[in-house]
Amino acid sequence: MGQGHFHHQRLENPIMYAIVDCDNCYVSCERVFRPDLNGQPVVVLSNNDGCVVARSNEAKALGIKAGMPYYQLRQHFSEQQVVVFSSNYELYGELTARVMKLVSDNAPAVYRYSIDEAFCDLRGMQLWDLRQWGLDLRAKILKYTGMPVSIGIAPTKTLAKMASHYAKKFPGYRHCCIIDTGDKRHKALQHYPIDEVWGIGRQYTERLQTIGIQTAWDFCQMPRQRVRSMFNVVAERTWCELRGEDCISIEELVAKQSICTSRSFPHNLTDYVDLRTSVCHFAARSAEKLRKQHSVCASVSVFVDTNRFRTDLPQYGGSDTEHLLTPDNASQVILAAATQCLQRLFRKGFAYKRAGVILSDITGADTVQTNLFDYDSTLYQRRHRLDQAIDRINRLNGSETVVIAAQQYATKPSADDKTIQQGKFRDSIRHDLRSPAYTTRWCDILSSN
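Residues numbered from 1 in each chain as written. Predicted model: local features only at pLDDT ≥ 70, side-chain atom pairs only at ≥ 80, totals over all residues. Heavy atoms only, no water.

K.L.:
Explain the overall build of the chain to me, using residue names and the numbers behind them.
P.N.:
Counting its regular elements, the chain contains 16 helices and twelve strands. Counting across all 449 residues of the chain, residues that qualify as buried make up 46%. Residue pairs in contact within the chain that sit at least 24 positions apart in sequence constitute 68% of those at least 6 positions apart. If you sum the accessible surface of the chain, you get close to 23000 Å²; carbon and sulfur atoms cover 50% of it. (Helix = DSSP H or I, 4+ residues; strand = E, 2+ residues; numbered from the N terminus. Buried < 20%, exposed > 50% of the residue type's maximum accessible area, 1.4 Å probe, protein only. Contact = heavy atoms within 4.5 Å. Areas by Shrake-Rupley, 256 points an atom, 1.4 Å probe, with all protein chains shown as cover.)

Here it is as structure tokens:
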């Protein structure tokens, strides 16, 4: 039997973690206001209606794969009654925020990991109450939001992720699985494929499978030194977590080490101003994400690409990086750096299909090392007061209520303009099949008429 920090009996007062994960998040959001879709195959498409990014269980059963292009979906599943939606992040963000608020109200400490996942630190709660706590929390979330969730509870974050997988897969758990004994941990590891383990990517999976490692249990039987020599310290910590040793801090998981905002355009862009508008928008979104996690960055990168599928057009792609002397998260600073990168990258005569902004060299906002020749405390404070005001207005009144002029939204249509839904605005995302924003737009609120 493998070694670990658990034995057959329950422990008196171990540290326990829970992960609350929305089931088929985007599809579930659509079904909240369309209960008639329960039991039907439903898929949600990516930006610009490109490919499938979310599937209901019924769609998965038909064989629809994540990442399948929309045109292939129409070709191969035209006879099935598959309901297709364009992505509606305004709706998804608002509904998942309600879920996270309920989680925060019912757990000692909560750390949001993604749009549909949150880790909970449950220390201080009685161990024998945890499963009932999970069942009660799921019932409350379903009652108040209509969103189904699955909850995994375990002594490490990696085991909690594993428990949430079992909670979703096996109805007997009633969407709440707890791993709180050595026997449960051993059984869970023995039936868990190595490619499903959180923290083991595709490349590591292939290497492990070549040496006969097929399950999480097989991985745990490897000597620790061999794991580290074959891979790195990250894989070693995953190995430790699977064996019951809590060694990955929640703060480390929540704070992203790089932030990327990118998108393919509905139409090719040839004009520099149009391209700059999009890049500045991506930079502003990235800066907002950076501030949300209370971090700063020291490097701003921009990349651009033409459409590689249009072999009849000249091809070009490249990237450029601007290093900040003083790490920052101010929108003005990051937009200025992104614009400088784009000026060096832009070439006339090309039709650009995709661009993006990447923020890297990320550290905590409270550990900034200022530069003697770059730092102006008065200007620094003014920028951040402005960002705080803009963030607050947008949080209260809706995303992009106030934007920086470089984002060039003076010509943006009003929220109820039908050209938004039809995807005809020059700088808009294509979303021909988008559902209404039921909870955030007056014109989309449901009525009895």
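K.L.:
Outline the environment of Ile-194, listing residues and values.
P.N.:
Within the secondary structure, Ile-194 sits in the loop between α7 (182-190) and α8 (202-210). Residue classification places Ile-194 among the buried positions, given a relative accessible area of 0%. A sequence separation of ten residues divides Ile-194 from Tyr-204, and the C-alpha atoms of the two residues are 9.5 Å apart. Those residues in contact with Ile-194 that sit more than four places away from it in its chain are Ile-200, Thr-205, Leu-208, Gln-209, Ile-213, Gln-214, Thr-215, Ala-216 and Phe-219.

K.L.:
Tell me what's going on with the side chain of Glu-117, and back it up with residues and numbers.
P.N.:
Along the chain, Glu-117 turns up in strand β6 (residues 117-121). Side-chain polar atoms of Glu-117 contact the side chain of Lys-161, separated by 2.6 Å. Residues within four places of Glu-117 in sequence aside, it is in contact with Ile-19, Val-20, Asp-21, Met-100, Arg-112 and Lys-161. (Polar contact = N/O pair within 3.5 Å; in protein donor to acceptor, adjacent residues only side chain to side chain.)

K.L.:
How would you explain the pattern of salt bridges if you had to name every residue and give the values?
P.N.:
Here the structure, examined in full by the defined rule, presents 18 salt bridges. Between Lys-161 and Glu-117 there is a salt bridge, with its nearest N and O atoms 2.6 Å apart. Separated by 44 residues along the polypeptide, Lys-161 in helix α6 (residues 157-169) and Glu-117 in strand β6 bring together distant segments of the chain. In terms of burial, Lys-161 and Glu-117 fall into one category: buried. Where salt bridges share partners, they join Arg-224, Arg-228 and Glu-236 into one cluster. (Salt bridge = Lys/Arg side-chain N within 4 Å of Asp/Glu carboxyl O.)

K.L.:
Describe the packing of aromatic side chains, with residues and values.
P.N.:
Enumeration over the complete set of coordinates arrives at 15 aromatic pairs. Grouping aromatic residues by their ring pairs yields a cluster made of Tyr-272, Tyr-316, Phe-346, Phe-350 and Tyr-352. When the ring centre of Tyr-17 is taken as origin, the NZ or CZ atom of Lys-157, which lies over that ring, is 4.1 Å away. (Phe/Tyr/Trp six-rings, centres within 6.5 Å; stacked < 30°, edge-to-face > 60°. Lys NZ or Arg CZ within 6 Å of the ring centre and 35° of its normal.)

K.L.:
With reference to specific residues and values, describe a positive patch on the surface.
P.N.:
The grouping of Arg-112, Lys-289, Lys-292, Arg-392 and Arg-395 at the surface amounts to a positive patch. Put simply, the parts of the chain that give the positive patch at least two residues each are α13 (272-292) and α15 (377-397). Looking at the element boundaries, Lys-292 is found in helix α13. (Patch = residues over 30% accessible without salt bridge, like charges linked within 9 Å, V, L, I, M, F, W, Y side chains within 5 Å. Lys, Arg positive; Asp, Glu negative; His and termini not counted. Charge placed at Lys NZ, Arg CZ, Asp CG, Glu CD.)

K.L.:
Just give me the short version of the confidence of the model for the chain, but keep the residues and values in it.
P.N.:
Chain-level statistics for the chain give a pLDDT mean of 84 and a share of 87% at 70 or above. Highest mean pLDDT in the chain belongs to strand β7 (residues 149-154) (96); lowest belongs to helix α16 (residues 418-422) (40). Below pLDDT 50 for its whole length, residues 1-13 participates in 32 contacts with residues either more than four positions away or in separate chains. (pLDDT = per-residue confidence, 0-100.)

K.L.:
How would you summarise the packing of helix α4 (residues 89-105) against helix α5 (residues 130-145) if you had to cite specific residues and measurements?
P.N.:
Axis angle and axis distance: for two packed helices, these are the angle between their axes and the distance between the axes, and together they describe the pair. At their nearest, the axes of α4 and α5 sit 10 Å apart, and the two run at 145° to each other. Handedness of the α4/α5 crossing: right-handed. Contact residues: α4 offers Arg-98, Val-99, Leu-102 and Val-103, while α5 offers Leu-137, Lys-140, Ile-141, Tyr-144 and Thr-145. Per-class residue counts for the contact of α4 with α5 are six nonpolar, one polar and two charged. (Axes fitted to C-alpha atoms, helices over the stretch in contact; angles between N-to-C directions. Left-handed = near helix turned anticlockwise from the far one by under 90°. Nonpolar A, V, L, I, M, F, W, Y, C, P; charged D, E, K, R; others polar.)

K.L.:
Can you explain the nonpolar core? Please cite residues and give values.
P.N.:
Formed by 35 residues in total, the largest nonpolar core has its most connected members in Val-20, Cys-120, Leu-122, Trp-133, Ile-141, Ile-151 and Ile-153. Taken together, the elements giving at least two residues each to this core come down to β1 (17-22), α1 (25-32), β2 (42-45), β4 (83-85), α4, α5, β7 and β8 (176-178). With six residues, α4 is the largest single contributor of residues to this core. (Core = buried A, V, L, I, M, F, W, Y, C linked by side-chain atoms within 4.5 Å.)

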